[in-house]
Every structure is written in C-alpha cells, then in structure tokens.
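Notes for the structure review
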Number of protein chains: 2
Amino acid sequence: MVFRSFMDQALAQAQAAGARGEVPVGAVVVGPGGEVVAQAGNRTRELHDPTAHAEMLAIRAACAAVGSERLVGHALYVTLEPCAMCAAAIAAARLAKLYYGAADPKSGGVAQGARVFAHAQCHHVPDVFDGINAQASETMLKAFFAQKRKDNADGCE
Amino acid sequence: MVFRSFMDQALAQAQAAGARGEVPVGAVVVGPGGEVVAQAGNRTRELHDPTAHAEMLAIRAACAAVGSERLVGHALYVTLEPCAMCAAAIAAARLAKLYYGAADPKSGGVAQGARVFAHAQCHHVPDVFDGINAQASETMLKAFFAQKRKDNADGCE
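Residues numbered from 1 in each chain as written. Chains lettered and ligands numbered in written order. Predicted model: local features only at pLDDT ≥ 70, side-chain atom pairs only at ≥ 80, totals over all residues. Heavy atoms only, no water.

Digging into the overall build of chain A
On a plain count of helices and strands, chain A comes out with five helices and five strands. If you list the helices and strands of chain A from N to C, you get α-β-β-α-α-β-α-β-β-α. In terms of overall size, chain A behaves like a compact globule, its C-alpha atoms giving a radius of gyration of 15 Å where 157 residues would be expected to give roughly 15 Å. The principal-axis extents of the C-alpha atoms in chain A amount to approximately 55 × 30 × 30 Å. When the 157 residues of chain A are sorted by exposure, 51% land in the buried category. Sequence-distant contacts, at least 24 apart, represent 57% of the contacts inside chain A between residues at least 6 apart. Put simply, chain A shows about 6,700 Å² of open surface, and 54% of that area lies on carbon and sulfur atoms. For chain A, the centre of its 14 positive side-chain charges and the centre of its 15 negative side-chain charges are spaced 2 Å apart. (Helix = DSSP H or I, 4+ residues; strand = E, 2+ residues; numbered from the N terminus. Rg over C-alpha atoms; globule rule 2.2 N^0.38 Å. Buried < 20%, exposed > 50% of the residue type's maximum accessible area, 1.4 Å probe, protein only. Contact = heavy atoms within 4.5 Å. Areas by Shrake-Rupley, 256 points an atom, 1.4 Å probe, with all protein chains shown as cover. Lys, Arg positive; Asp, Glu negative; His and termini not counted. Charge placed at Lys NZ, Arg CZ, Asp CG, Glu CD.)

Comments concerning the state of the cysteines
Residues and elements named next belong to chain A. This model, assessed by the stated rule, comprises zero disulfides over all chains. The thiol of Cys83 is not disulfide-bonded; the next cysteine sulfur, from Cys86, is found 3.9 Å away. Since its relative accessible area comes to 14%, Cys83 is described here as buried. (Disulfide = S-S within 2.5 Å.)

Some points on unusual backbone geometry
Where the residue is not glycine, phi is negative for most of them; where a peptide bond is considered, it is trans in most cases. Within the chain, A:Arg94 stands out as a residue other than glycine whose phi angle is a positive 60 degrees. Along the polypeptide, A:Arg94 turns up in the loop between helix H4 (84-92) and strand E4 (97-102).

Points about the nonpolar core
Ranked by internal contacts, the top residues of the largest apolar core, which has 78 residues, are A:Leu76 and B:Leu76. Not counting residues within four places of it along the chain, the set of residues in contact with B:Leu76 comprises B:Ala27, B:Val28, B:Val29, B:Glu55, B:Ala58, B:Ile59, B:Ile90, B:Leu95, B:Lys97, B:Leu98 and B:Tyr99. (Core = buried A, V, L, I, M, F, W, Y, C linked by side-chain atoms within 4.5 Å.)

Observations concerning the sheet that holds strand E1 (residues 26-30) of chain B
Strands in a sheet are paired, the pairing made by backbone hydrogen bonds, and the direction either parallel or antiparallel. Residues and elements named next belong to chain B. Pairing is mixed in the open sheet, where five strands are placed in the order E2-E1-E3-E4-E5. The outermost strands of the open sheet, each flanked by one partner alone, are strand E2 (36-41) and strand E5 (127-129). Strand-to-strand twist across the sheet, computed as the mean angle between neighbouring axes with direction ignored, equals 15 degrees. Here strand E3 (residues 75-80) pairs with strand E4 (residues 97-102) via five bridges, running parallel. Residue Ala75 lies in a different strand from E4, and its bridge partner there is Lys97. Packing against the sheet, helix H5 (residues 134-155) makes contact with E3 and E4, and its axis sits at approximately 55 degrees to E4. (Pairing = 2+ DSSP bridges. Axes fitted to C-alpha atoms, helices over the stretch in contact; angles between N-to-C directions.)

Notes on the pairing of E4(B)
All names here are of chain B. Buried residues dominate E4, accounting for five of its six residues. Between the parallel pair E3 and E4, the chain is carried across by helix H4 (residues 84-92), and the sense of this crossover is right-handed. The pairing of E4 with E5 spans three bridges and is parallel. Opposite Leu98, over in E5, you have Val128 as the bridge partner. (Right-handed = clockwise from strand over helix to strand, strands pointing away.)

Digging into the packing of aromatic side chains
The full count for this structure, using the stated rule, is eight aromatic pairs over all chains. When the ring of A:Phe6 is compared with that of A:Tyr77, the centres are 5.2 Å apart and the planes differ by 50 degrees; the resulting orientation is tilted. Placement of the pair is A:Phe6 in helix H1 (residues 2-19) and A:Tyr77 in strand E3 (residues 75-80), with a sequence separation of 71 residues. On the numbers, 4.4 Å between centres and 5 degrees between planes, the contact of B:Tyr77 with B:Tyr99 is stacked. (Phe/Tyr/Trp six-rings, centres within 6.5 Å; stacked < 30°, edge-to-face > 60°.)

Examining the relation of the copies chain A and chain B
For the pair of chain copies, the relating transformation is a rotation about an axis with a translation along it. When chain A is fitted to chain B, the best match, at an RMSD of 0.0 Å, comes from turning it 180 degrees and sliding it 0.0 Å along the axis. Seen this way, the second copy is the image of the first under a two-fold rotation axis. Taking the C-alpha atom as reference, chain A places A:Met85 closest to the rotation axis, 1.9 Å from it. Looking at chain A, 100% of its interface residues are interface residues in chain B too, so the copies touch through the same face. (Least-squares fit on C-alpha atoms with pLDDT ≥ 70 in both.)

Some remarks on the interface of chain A and chain B
Interfaces are often sized by the amount of accessible area the parts lose when they come together. Between chain A and chain B, the contact holds 32 residues from the first and 32 residues from the second. Across the chain A/chain B interface, buried area totals approximately 2,400 Å², and carbon plus sulfur atoms make up 63% of it. It is A:Pro50, A:Glu69 and A:Gln121 in chain A that bury the most area against chain B; as a group they hold 26% of the surface buried on that side. There are two salt bridges connecting chain A and chain B. Residues B:Arg60 and A:Asp49 are paired through a salt bridge, measuring 3.1 Å at the closest nitrogen-oxygen approach. Our enumeration of links across chain A and chain B arrives at eleven residue pairs in polar contact (both at pLDDT 80 or more). Every element with two or more residues in the side of chain A that touches chain B is listed here: helix H2 (44-47), helix H3 (54-66) and H4 of chain A. A class-by-class count of the residues in the side of chain A that touches chain B yields 15 nonpolar, twelve polar and five charged. (Buried area = accessible area lost by both parts, 1.4 Å probe. Salt bridge = Lys/Arg side-chain N within 4 Å of Asp/Glu carboxyl O. Polar contact = N/O pair within 3.5 Å; in protein donor to acceptor, adjacent residues only side chain to side chain. Nonpolar A, V, L, I, M, F, W, Y, C, P; charged D, E, K, R; others polar.)

Structural notes on the sheet that holds strand E1 (residues 26-30) of chain A
All names here are of chain A. Strand order across the open sheet formed by five strands is E2-E1-E3-E4-E5, with mixed pairing between neighbours. Only two strands of the sheet have a single partner each, and these edge strands are strand E2 (36-41) and strand E5 (127-129). On average, adjacent strands in this sheet sit at an angle of 15 degrees to one another, irrespective of strand direction. Its contacts with the sheet put H3 on E1, E2 and E3, and the angle it makes with E2 is roughly 150 degrees.

Considering the confidence of the model for chain A
Looking at chain A, pLDDT values average 95 and 97% of them are 70 or higher. Overall fold confidence for the complex sits at a pTM of 0.96, while the interface term, ipTM, reaches 0.95. (pLDDT = per-residue confidence, 0-100.)

As structure tokens, this is what we get:
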C-alpha cells in the first residue's frame, strides 16, 4: 500500500528526530503525482523554536519548493496526530489529505481537544485518515519518553 | 497606558504589512523588563509560507533572540485575535500574557472557533486581554479588504 511507504519515510524522520534528542515525530509532504516534496522531523529544541514541529517544517519546506503558500492536491503524512497549531497550518496550506499514525490524547488537536477542523473558522478541511502504522509510532514515542525518564532518574542520583 | 504603546507598535507593523500587500496584522513580543524583543507583520504572500502570520514570525524571532523555545514572562501584542495556529504557538511558547485588538469572527481561535486555550490538550494558558485599540485594527483591515475588492472589480472591467 502506497500510504504505508510514505508513512515509513515519516517514521524514519521521527527516528532521526529521536536520535537528535527531539520528541520523535516525522512528517512527509507528497505531491499530486506521488512524489515526495518535503520531509522533516521535529526540531524544536535544536532550533529553539516552539513552532518547529515536523508538520510545520515539512509544510514550510514544501511551500518553498513549489513557490506557493498553498499545497493544493498535496498530502501530509505524519507519525502522530497533529496538535492544534499544526492542524490549523494544514488547513491554511490547503493540504488535500492528512494521514496520521498514533492518536495523541495529551496534545492532539484533530480528533480531540480543539478539534480544529470542526469549526466554521477553519476554511479548509482535508480528508483525514488516522491510525496509519500507529503502533510503530507509539512504540517509538514510548521508548523515547521511557529513556528520558531513566536519564532524569539517573541524573538525580 | 503602556499596553497602548506596544499595541501602537503592533499597529505600525500591521500598517507596514498592508503596504506590502499582506493582510494588515502586526505583532510585538515584549520581555519581562518591558523591552521589545521582536516585532513582525504578516508575510504569508511574500514568503510563500502559510505559517508566516505576524504572531508566528514575532514568536520565532523572539525565541531566536533569547535562545530558548520558551518565552516565560513575555507578553505578545497582536492587532487581531489569533487564529488556532497562532494561539497554539502562543501556548507552546509559554507566553505569559496575550493582548489583542480586534475580534476575528471569521478566523479567530481564542474567543471563538477552536478556542484553543479552553481544552486539556493545551498545556499553558496565557492571561488574555482583548479589545486593545480594536477600532484602529478593524479600520485598517476593513480599508485593506475594501481596496482589494475595488482592485479586483477594476481588474474585471
């Protein structure tokens, strides 16, 4: 299945983010012809930028690549349910489709919390497909935070 | 009143954005000591970047200036009610206070629509002060869109 392959690339970006000490989330923007236009992992710590989520970096890179602030006909693959910021950016970019992996009860803004796409103030709603390779994303996130807790506990000794 | 002065600077940024052909919205980040840390106007068209709202650019510039992804003790002044993307970025940046001008029934995400700060998935809620110099912001936005409609009508002749 094609969407598995793109999600695999997003998972590879998430893995690379985790290896940099960032929360392991990755995203890929795919063009109307099925070509990868941009991919990114989370870089909030490295860039000292609270907006540098994987989705935001991938959207900005894709817009730069196509020379437009709108990604009509494009799809975004991301390993974790987008937060409210990223969901609103997905709408602003007019992305046609959103595929995401694990649900995010703690910070998600698509299927819970702000439910950004569910309001009249959201002017574009993508087709949303959730749970794509969710287990791989969840496993990576759980391992990352377990290691963080271990590191913090070790640091307190 | 001090907050009027910072909002005046945000309005100047909005005016400059309008002069560049951007929707006239401006933002200023003020540090804990009352110093202006960053200011920006909307640049979505110029940068081909749907995330380049005034608030986002000001937050990113302020984070770069202080070398942190968190703007603890800082305030954001913006001429228009933030959308869901910007509201979530304000929360992520841990801004202490949000002062905004005009309400935005069409695209706002603070007092309407997604109401980003009103959900458990939002991990920081700033003190919010609305309606600061709202009339000046509204007048500028109305004039901008009236001119746009006129330009479009002229272009159809």
